[in-house]
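Architecture at a glance
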Amino acid sequence: MTTALYPGSFDPITFGHIDVIGRAAGVFGRLVVGVLVNPRKSPMLDLEERMAAIREAVADELGELSERIEVAGFDGLTVDYAQQIGAAFIVRGLRAVSDFETELQMAHTNRKLAPSVDTVFFMTALEHAYLSSSLVKEIAAFGGDVSRMVPAAAARRLQR
Ligand code: PNS
């Protein structure tokens, strides 16, 4: 069974992330969604809240595919964690050309660090291509409605 790691901050998980998780779980036998413990920016939701929101959202939105999906927190280098869990692939989503430069840089750097771990990209569905966790946080901070941008499990936690 091929294992892949989908790393990210997921602060919070959006429908764009769910779309990428669903696509990747359709390809890989085991998909570990790795939630970075210490994103550079201080997170709005703590690690436990982010992981709980992902678990709930995956169960609510992805049906049988959710059996292939695990959610875990990690700290340190993504490639180190990938190797620790036996993942030969890192999954990332591409929403638009603007994502490409950063993602290309990360993929090449990760390959330099760990040549046996390759990065694969899934194109986020067009209807979610405008979504970003940063905008969702800003909207939620001002009391705006994020229910069409993030799964209910995340919206509830942001409202708190
Ligand atoms: O959801 P994000 O914030 O776009 O995810 C970025 C993430 C977590 C994938 C990236 O910052 C990362 O891999 N951080 C872990 C530390 C690391 O491995 N840095 C080198 C990346 S080339």
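A brief structural summary. Worth saying up front: this structure is predicted, and the values here are computed from it rather than measured.

Describing the layout of surface pockets
- The volume enclosed by the largest pocket comes to roughly 1300 Å³.
- Looking at the largest pocket, it is lined by 43 residues, and the ones nearest its centre are G8, S9, R92, E103 and M106.
- For the lining of the largest pocket, the elements supplying multiple residues, two or more each, are strand 1 (3-8), helix 1 (15-25), helix 3 (78-84), strand 4 (89-94), helix 4 (97-113), strand 5 (118-123) and helix 5 (133-141).
- With nine residues, the single largest contributor to the lining of the largest pocket is helix 4.
- A per-class count over the lining of the largest pocket returns 16 nonpolar, 19 polar and eight charged.

Observations regarding the sheet that holds strand 1
- Taken in spatial order, the five strands line up as 3-2-1-4-5 in an open sheet, and their pairing is parallel. For this open sheet the edge positions go to strand 3 (69-74) and strand 5, each flanked by a neighbour on one side alone. Across the sheet, the mean angle from the axis of one strand to that of its neighbour is 30 degrees, orientation sign disregarded.
- Taken together, the six bridges between strand 2 (residues 30-36) and strand 3 define a ladder with parallel strand orientation. Within strand 3, the position partnered with V32 by the bridge is E70.
- Contacting strand 2 and strand 3, helix 2 (residues 47-62) runs over the sheet at an angle of about 170 degrees to strand 3.
- Strand contacts of helix 4: strand 4 and strand 5, with the helix running at about 170 degrees to strand 4, the strand carrying the most contacts.

Quick notes on helix 4
- For helix 4, with 17 residues, the first-to-last C-alpha span of 25 Å sits near the 24 Å given by 1.5 Å per residue.
- Looking at helix 4, one finds that the buried residues are D99, E103, A107 and N110.

A word on the packing of helix 2 against helix 6 (residues 152-159)
- Packing of helix 2 against helix 6 leaves a shortest axis separation of 7 Å and a crossing angle of 150 degrees. The angle between helix 2 and helix 6 falls in the class roughly antiparallel. Where helix 2 abuts helix 6, its residues E49, A52, A53, E56 and A57 lie against A153, A154, R156 and R157.
- Here the contact of helix 2 with helix 6 is composed, by residue class, of five nonpolar, no polar and four charged.

Concerning the pairing of strand 4
- Pairing of strand 1 with strand 4 involves two bridges; the strand directions are parallel. Each bridged residue has a counterpart across the sheet, and for A4 the counterpart in strand 4 is F89.
- Across six bridges, strand 4 lies against strand 5 in parallel orientation. Following the sheet pairing, F89 is matched in strand 5 by D118.
- Where the polypeptide runs from strand 4 across helix 4 and back to strand 5, its parallel neighbour, the crossover connection is right-handed.

Quick look at the site of the ligand
- Near the ligand, the surroundings consist of G8, S9, L36, G76, L77, T78, R92, M106, T109 and N110.
- Contact between the ligand and S9: an oxygen atom at 2.6 Å from a side-chain N or O atom of the residue.
- For the ligand, the cavity whose grid points lie within 2 Å of the majority of its atoms is the largest pocket.
- A total of three residues in the shell around the ligand trace back to one element, the largest contributor, which is helix 4.
- Of the residues in the shell around the ligand, the class split is three nonpolar, six polar and one charged.

Quick word on unusual backbone geometry
- Note that the residue after D11, namely P12, is joined by a cis bond; omega there is 5 degrees.
- Position of P12 among the secondary structure elements: in the loop between strand 1 and helix 1.

Definitions and cut-offs
Residues numbered from 1 in each chain as written. Predicted model: local features only at pLDDT ≥ 70, side-chain atom pairs only at ≥ 80, totals over all residues. Heavy atoms only, no water. 1 Å grid on protein atoms, 1.4 Å probe; cavity = no way out; pocket = protein on both sides within 12 Å on 5 of 7 lines; lining within 4 Å. Points joined across faces, edges and corners; volume = space filled by probe spheres on them. Helix = DSSP H or I, 4+ residues; strand = E, 2+ residues; numbered from the N terminus. Nonpolar A, V, L, I, M, F, W, Y, C, P; charged D, E, K, R; others polar. Pairing = 2+ DSSP bridges. Axes fitted to C-alpha atoms, helices over the stretch in contact; angles between N-to-C directions. Contact = heavy atoms within 4.5 Å. Expected span 1.5 Å × (residues − 1). Buried < 20%, exposed > 50% of the residue type's maximum accessible area, 1.4 Å probe, protein only. Parallel < 35°, antiparallel > 145°, perpendicular 65-115°, else oblique. Right-handed = clockwise from strand over helix to strand, strands pointing away. Near = heavy atom within 4 Å. Polar contact = N/O pair within 3.5 Å; in protein donor to acceptor, adjacent residues only side chain to side chain. Sits in = over half its atoms within 2 Å of the grid points.

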